[in-house]
Number of protein chains: 2
Amino acid sequence: MTGHLTDAVEDYLKTIYKLSCSRGRVGTGLIAETLGVTPASVTDMVQRLSGEDPPLLDYAKHQGVALTEGGRKAALETIRRHRLLELFLHQVLGYSWDQVHVEADRLEHVISEEFEERVAEVLGNPRRGLHGEPIPSPGLEMPDREDRYLLEMRPNQRGIVQEVNDDDPGLLRFLESQGIVPGAGFVVLDYSAYDDNLRLRLDGSEAEIVLGASITGQILVEIAEPQAGA
Amino acid sequence: MTGHLTDAVEDYLKTIYKLSCSRGRVGTGLIAETLGVTPASVTDMVQRLSGEDPPLLDYAKHQGVALTEGGRKAALETIRRHRLLELFLHQVLGYSWDQVHVEADRLEHVISEEFEERVAEVLGNPRRGLHGEPIPSPGLEMPDREDRYLLEMRPNQRGIVQEVNDDDPGLLRFLESQGIVPGAGFVVLDYSAYDDNLRLRLDGSEAEIVLGASITGQILVEIAEPQAGA
DNA sequence: ATCATATTTTAGGCTATTCTAATTTTTTGT
DNA sequence: ACAAAAAATTAGAATAGCCTAAAATATGAT
Ligand SMILES: [Mn+2]
Ligand SMILES: [Mn+2]
Ligand SMILES: [Mn+2]
Ligand SMILES: [Mn+2]
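Residues numbered from 1 in each chain as written. Chains lettered and ligands numbered in written order. Predicted model: local features only at pLDDT ≥ 70, side-chain atom pairs only at ≥ 80, totals over all residues. Heavy atoms only, no water.

1. Re the sheet that holds strand β3 (residues 148-149) of chain A
Residues and elements named next belong to chain A.
So, point 1. If you walk across this open sheet you meet the six strands as β3-β8-β4-β5-β6-β7, and the pairing is antiparallel. Because the sheet does not close on itself, it has two edges, and the strands there are β3 and β7 (208-211).
So, point 2. Bridge count for strand β4 (residues 158-164) against strand β8 (residues 219-224) is six bridges, and the pairing is antiparallel. Opposite G159, over in β8, you have I223 as the bridge partner. (Pairing = 2+ DSSP bridges. Helix = DSSP H or I, 4+ residues; strand = E, 2+ residues; numbered from the N terminus.)

2. Structural notes on the domain arrangement of chain A
For an interface, size is often stated in terms of accessible area lost upon the parts coming together.
Residues and elements named next belong to chain A.
So, point 1. Domain boundaries in chain A define domain 1 (1-144) and domain 2 (148-224).
So, point 2. A straight line from the C-alpha centre of domain 1 to that of domain 2 covers 26 Å.
So, point 3. If you look at the interface, domain 1 gives 11 residues, while domain 2 gives 13 residues.
So, point 4. The largest per-residue losses of area from domain 1 upon contact with domain 2 belong to W97, D98 and H131, which jointly make up 64% of the total buried on that side.
So, point 5. In this structure, D98 engages R173 in a salt bridge whose closest nitrogen and oxygen atoms are separated by 2.7 Å. (Domains from an automatic or database assignment. Contact = heavy atoms within 4.5 Å. Buried area = accessible area lost by both parts, 1.4 Å probe. Salt bridge = Lys/Arg side-chain N within 4 Å of Asp/Glu carboxyl O.)

3. What about the coordination of the manganese ion (ligand 4)?
Residue and element names in this part refer to chain B.
So, point 1. Summarising the metal site, the manganese ion (ligand 4) is bound by the protein donors D11 (OD), D105 (O), D105 (OD), E108 (OE) and H109 (NE2), whose distances to it range over 2.0 to 2.4 Å.
So, point 2. We note that the donor set of the manganese ion (ligand 4) lies within a single chain, spaced as D-x93-D-x2-E-H.
So, point 3. For E108, a relative accessible area of 0% corresponds to the buried category. (Donors = N, O, S within 2.8 Å, 3.2 Å for Na, K, Ca; no water. Buried < 20%, exposed > 50% of the residue type's maximum accessible area, 1.4 Å probe, protein only.)

4. Focus on the relation of the copies chain B and chain A
So, point 1. Overlaying chain B on chain A yields an RMSD of 0.0 Å, the required transformation being a rotation through 180° with an accompanying axial translation of 0.0 Å. Taken together, the rotation and translation describe the operation of a two-fold axis.
So, point 2. Mapped onto chain A, 100% of the interface residues of chain B are again interface residues, and the two copies thus contact each other with one and the same surface. (Least-squares fit on C-alpha atoms with pLDDT ≥ 70 in both.)

5. Some remarks on the packing of aromatic side chains
So, point 1. Applying the stated criterion across every chain yields a total of three aromatic pairs over all chains.
So, point 2. Aromatic pair F88 of chain A and F88 of chain B: ring centres 6.0 Å apart, planes at 70°, arrangement edge-to-face. Remark: F88 of chain B occurs in helix α4 (residues 69-91) and F88 of chain A occurs in helix α4 (residues 69-91); the pair is interchain, linking two chains.
So, point 3. According to the relative accessible area criterion, F88 of chain B is buried, its value standing at 1%.
So, point 4. Put simply, the rings of F88 and F115 of chain A together with F88 and F115 of chain B touch in pairs and so form one group of aromatic residues.
So, point 5. Its end group placed over the ring of Y191 of chain A, R154 of chain A keeps NZ or CZ at 3.7 Å from the ring centre.
So, point 6. The cationic tip of R118 of chain B hangs over the ring face of Y95 of chain A; the distance from NZ or CZ to the ring centre is 4.9 Å. (Phe/Tyr/Trp six-rings, centres within 6.5 Å; stacked < 30°, edge-to-face > 60°. Lys NZ or Arg CZ within 6 Å of the ring centre and 35° of its normal.)

As structure tokens, this is what we get:
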């Protein structure tokens, strides 16, 4: 019986899911930092979650944690709710794209299956969230993605913005003001090895935009290999 | 500083508000029964809430509790959110009127002021909830009401349904099927002193409906004193 | 290989909420 | 007025989360 998961547990699982996409196993320190709690609290929680009836985490002392299949499903369930809620808050209640995350982060733990289904239907069963995030299917399948960080791009490469990190409202407002939103096509003009700045131009715009690594590391893109004739 | 109130505290205040509308001070036993917890838990909670910086409750041992002005405001804030949410779930997400209460009872503790305001706006700043409940104004004013229980009515009196108790889904489905919804006018045909049954006929309907006291005690009505000439 | 640093875990505590069982207070019925 | 019954309170304990400070373990640099 997977009884009900508490808000805290859902947030831990969600966080571990996201962190283990890049790195493999995740250390308690990183989880603590991401969640804004102390490492001691994380150790405590991961020990509890790895000792459940069907464990949600795979944990060994000093080895970090990984999600079990059950933990992964629970994480994806919460992520689906979160992303549907963000879209809903924007499209139905008129929230701006920098406001939705905080509200969704609380609501995601409280809505019923029924609510989730009705929201999905009102939104037309979307596959992408407000910031370009893929939304897990109702059956909790998550598409594999080949997106790269804008950070990795170099001059003359073309790309299309796929997703932007949504947990910094200030950054989101800036990106929106610059037209850097999912779907926007662009070309990289210049790369500066000293500070990792990228200079780029959005399709259909004259203006050139210079972005530092702390921004380009938050943006996922699809890189279009440069056409032979150009 | 009234820091954030927990879900449990909000539910206690809401419950005490409703109970103290009929009776004056409320005993711990009644609160316990309504909330589905033990009397010991209630004693504990009311002692905490009456000992806060600005107390939310006025409590004296064995004397029951009453809300302070702060407690009343907090209760009305939660009640406003609850009733707006019920309407929203019905009108925007298509919930039926017997489904909304349970969902709203969880969401009411989690939505932000922003969410409340946007929902109110989408709904057109309604004054009445889905089951006829008055919705406290944004400034938390609650209209005085003179509604009576259907229970108290006698033959030949006419009335208009104002509000039905919404915490029993089965009853709500029954009432809807009979056309007993807020706004419905009716006349009382008969009263049986033995079992307190009432027989009545809804305006624009031929059918007669017989209701027992366990139902008529859940329905608030406005009684139209019988016109002189009829 | 060894020591210094960084990371992780343990130990001990705190708050909020609830429970059960025991006790106290109030109410009621004679 | 008094005992029995009902209601309320206290005492003691559990669970979930979180914290700080101390101890243990791992890493990595000479
Ligand atoms: Mn988000
Ligand atoms: Mn969350
Ligand atoms: Mn309700
Ligand atoms: Mn509630």
